[in-house]
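# What the coordinates show
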Amino acid sequence: MKASLFCAARYMGAAPHDIWPLSGEYYSSDAAVRSMQTTFDQFRCADEFGFDWVTVAEHHYSGFSLTPNPMVMAGALSQLVRRAKIAVLGPTLPILNPVRMAEELAMLDTMSGGRLVAGMMRGTPNEYVTYNINPAESRERFAEALHLIRRAWTETRPFGWLGRYYQYRTISIWPRPVQQPHPPLYMSGSSPEAGEFAARNHIGIGFAFATVPLAKTAVQHYRTCARDAGWEPAAEDVIYRAMFHVADTDEEAFADVSTLPPRISLVDQNKAIAEGVRQSGYYGADAVTQRQRTSRRELADRIELGQVIVGGPDTVLAQVRRIRDELGAGVLDLVVGAQLGERTLHSIELFGAKVLPRMREL
Amino acid sequence: MTERIFAQCWAGEDRRLPYWEAGSGETIVAIADGEGLPTRAHTLLAERRRVIVFPMTTDTGVPQEAARRIGAPLAVLGIERFDLIGEGAGAAAAVWLALAPEAGIGSVVLAAPDGPPEEASREIKRPVLVLCGTKDGSDAGKRYRTLLPDCYFMFVYDAGRAIGAERPEALAFIALEFFERRDLFLVSRENGLVFP
């Protein structure tokens, strides 16, 4: 089993984290620069301590993440992180220009010497407000954009595209991916529709802040659909993301995380957006599951459900083993949950030194 | 003929070659697979141009013969200049028609061409646009692209072999763009203004 470190580049200044969009009145450039440097330090540490991947993602208009364009962060990491793969999990595909995505991802694969992992996401629903895209079009835009990106990566001669949502008269991207035929692809597997699409198109799946029981059902569905499509997903075709914090002892780790605010759902911070997205049909057949996934919970429940991995190295390994056994996931995407300065760096070091070597045997 | 509703007519010395005609203005000749004609794409084209649709059936003969049979009534109808669409099995006939020295053809669109491309395609002197559905398992479109290195090639997303029925708006739109602007069709002239 492999491990990835996901730093969202959370804003470290004083600002509310339960408002979306967050007003720029709270913004301090000094704090933002400090946040970026802290993020770089954590990624560098993960690379030194053996993490297999580092992960970046796209979020807008919030202190939750200072990477509205994760490609920029990934470009920096391609030079800063020397060994680990760079996982962009991912661009919010339906709100972006797919040819631009194909170009930028190919550029990242080239800059990193073939270390790109390309996640294609629908994003959190509030992101559709960012560039004024109708969330009702989300799945169709996603599907078309993904097909187009694959074509852009693999067609060696110029071609045009007459889509339903995208139209280009001629496409011929440079640079082209180092990895052939293209970098490994992932998408969210949370909904039944997504699992079926991923299986049909031979794409890996990931779960962000799901619960182990929900993810288990979804993985089973994905594997069944993949078998129907004539292939068998490998362990590495399933990524599970959870918040983590490791300390030398369980007591220290729990003390560290006990002060954390509960995880919030960005879309739920704005009732108008939440209702507008719901009415658009964005969630498809998955509305109930989505609500379960993002419900507020106490820390103990979040640990029990596999949303948070916390403890000393042995405790954390047991939690990781459970995720591996329940889901058959091959990649654990670990989110820096507690921004505690040196203690967070120590958490990354401990995971790399004392958990990861034993995790690889799972 | 100015009606946008297609009328079925008969051509040829024995009046056994069916065709459909609608619209007004400069002429588009479509040679298409015989079933389900005219398609929605033909109707959309007829909103802007005169459209004459010939079916490509087993009765029409091999492509070269079909081109000759279709070319003759066009002359009788007094059509000296036209743009040409070859769809599916009609693509090969369209190629032969485009090669006829007397044919006053502007540009050629080959939509989901069927079967191996005619070697003679290399001799086409007209601008050619090849369309290939992303669900089309055939490699014929790409073989035409190889044979015609100067042609334009576009994928039609979510379409298989019957582009005119599956993505009629897309086919009609790009065909008109290509017929009206030829090589310049590469440059969009769609209005991006949101509010004046």
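Residues numbered from 1 in each chain as written. Chains lettered and ligands numbered in written order. Predicted model: local features only at pLDDT ≥ 70, side-chain atom pairs only at ≥ 80, totals over all residues.

Our next topic: the overall build of chain A. Summing up its helical and strand segments, chain A has 13 helices and eleven strands in all. Whereas a compact globule of 362 residues would reach a radius of gyration of roughly 21 Å, chain A reaches 19 Å, a difference of no more than 12%. With respect to the principal axes defined by its C-alpha atoms, chain A has extents near 60 × 45 × 40 Å. Of all 362 residues assigned to chain A, the portion counted as buried reaches 49%. Sequence separation of 24 or more characterises 76% of the internal contacts of chain A that already satisfy a separation of 6 or more. (Helix = DSSP H or I, 4+ residues; strand = E, 2+ residues; numbered from the N terminus. Rg over C-alpha atoms; globule rule 2.2 N^0.38 Å. Buried ≥ 20, exposed ≤ 12 C-beta atoms within 10 Å, placed from the backbone. Contact = placed C-beta atoms within 7 Å.)

This next bit is on the sheet that holds strand S8 (residues 152-156) of chain B. Spatially, the ten strands line up as an open sheet ordered S6(A)-S5(A)-S8(B)-S7(B)-S6(B)-S5(B)-S3(B)-S4(B)-S2(B)-S1(B), and their pairing is mixed. On the outer flanks of this sheet lie strand S6 (167-171) of chain A together with strand S1 (7-11) of chain B, each paired with one strand and no other. Put simply, the sheet's adjacent strands are angled 25° from each other on average, direction ignored. Pairing analysis gives three bridges linking strand S2 (residues 17-22) of chain B to strand S4 (residues 50-56) of chain B, with the strands arranged antiparallel. Looking across to S4(B), one finds that B:Trp20 is bridged to B:Val53. Here helix H4 (residues 140-147) of chain B sits on the sheet in contact with strand S6 (104-111), strand S7 (128-133) and S8 of chain B, set at roughly 155° to S7(B). (Pairing = 2+ DSSP bridges. Axes fitted to C-alpha atoms, helices over the stretch in contact; angles between N-to-C directions.)

It is worth spelling out the interface of chain A and chain B at this point. Facing the twelve residues of chain A at the interface are 14 residues of chain B. Going through the elements one at a time, helix H5 (138-154), strand S5 (159-162) and S6 of chain A are the ones with two or more residues in the side of chain A that touches chain B. At four residues, the largest contribution of residues to the side of chain A that touches chain B is made by S5(A). Among the residues forming the side of chain A that touches chain B, the class breakdown is three nonpolar, four polar and five charged. Looking at chain direction, S5(A) and S8(B) are connected through three bridges and run parallel. For A:Leu162, the partnering residue across the bridge sits in S8(B) and is B:Val156. (Nonpolar A, V, L, I, M, F, W, Y, C, P; charged D, E, K, R; others polar.)

The subject of this paragraph is the pairing of strand S8 (residues 204-208) of chain A. Residues and elements named next belong to chain A. Counting buried residues along S8, five of its five residues qualify, which places the element largely inside the surrounding structure. Strand direction decides the pairing type here: strand S7 (residues 185-188) and S8, joined by three bridges, are parallel. In the sheet register, methionine 187 faces S8, and the bridge partner there is isoleucine 205. Handedness of the crossover is the feature at issue here: the chain leaves S7, passes through helix H6 (residues 192-200), returns alongside S8, and the resulting connection is right-handed. (Right-handed = clockwise from strand over helix to strand, strands pointing away.)

This brings us to helix H8 (residues 250-257) of chain A. What sets the pattern is the α-helix's 3.6 residues per turn: residues three or four places apart point alike. All names here are of chain A. Listed in full, the buried residues belonging to H8 are Ala253, Asp256 and Val257. For H8, the angular spread of the buried residues around the axis is 85°, confining them to a single face. Those residues of H8 that are exposed and aimed more than 90 degrees away from the buried face are Glu251 and Ala255. Turning to H8, the residues buried within the fold contact strand S9 (238-246), helix H11 (299-304), strand S10 (308-311) and helix H13 (342-359). (Arc of directions from axis to C-beta.)

Here we take up the pairing of S7(B). On any regular strand, side chains alternate: one points to one face of the sheet, the next to the other face. Residue and element names in this part refer to chain B. When you tally the buried positions in S7, you get six out of six residues, the bulk of the element. Pairing of S6 with S7, which is carried by four bridges, proceeds in the parallel orientation. When the bridges of S7 are listed, leucine 110 appears paired with valine 130. The handedness of the S7 to S8 crossover, carried by H4, is right-handed.

As a further point, take the environment of A:Leu162. Counting through the fold element by element, A:Leu162 comes out in strand S5. Accessibility expressed as a C-beta count within 10 Å gives 24 for A:Leu162, which makes it buried. Placed 197 residues apart in sequence, A:Leu162 and A:Met359 show a C-alpha to C-alpha distance of 47 Å. Aside from chain neighbours lying at most four places away, what touches A:Leu162 is A:Gln167, B:Met154, B:Phe155, B:Val156, B:Tyr157, B:Ala170 and B:Ile174.

The next subject is the environment of A:Gly206. Residues and elements named next belong to chain A. In this fold, glycine 206 is placed in strand S8. Sequence-wise, glycine 206 and glutamine 37 are 169 residues apart; in three dimensions their C-alpha atoms are separated by 27 Å. Setting aside residues no more than four positions away along its own chain, glycine 206 makes contact with Leu89, Gly119, Tyr186, Ser188, Gly189, Ile239, Arg241 and Asp333.

This part takes up the nonpolar core. Of all hydrophobic cores here, the largest spans 176 residues; its most connected members are A:Val54, B:Ala94, B:Leu131 and B:Met154. Among all residues touching B:Ala94, those that are not within four sequence positions of it are B:Ile31, B:Leu84, B:Ile85, B:Gly86, B:Val108 and B:Leu110. (Core = buried A, V, L, I, M, F, W, Y, C linked by C-beta atoms within 7 Å.)

Moving on to unusual backbone geometry. Looking along the chain, the bond that leaves A:Trp20 and enters A:Pro21 is cis, with omega of -5°. Of note, A:Pro21 is situated in the loop between strand S1 (2-6) and helix H1 (29-48). Put simply, A:Trp174 and A:Pro175 share a cis peptide bond, and its omega is -5°. Within the fold, A:Pro175 resides in the loop between S6 and S7. Positioned with a positive phi, B:Ala112 is a non-glycine residue whose angle comes to about 45°. Mapped onto the fold, B:Ala112 is located in the loop between S6 and S7.

Residue and element names in this part refer to chain A. Between helix H12 (residues 313-327) and H13, the shortest axis-to-axis distance is 10 Å and the interhelical angle comes to 45°. With respect to H13, the axis of H12 lies oblique. The two elements H12 and H13 cross, and the hand of that crossing is right-handed. For the pair H12 and H13, contact is made by Pro313, Val316, Leu317 and Val320 and by Leu350, Phe351, Lys354, Val355, Arg358 and Met359, respectively. (Parallel < 35°, antiparallel > 145°, perpendicular 65-115°, else oblique. Left-handed = near helix turned anticlockwise from the far one by under 90°.)

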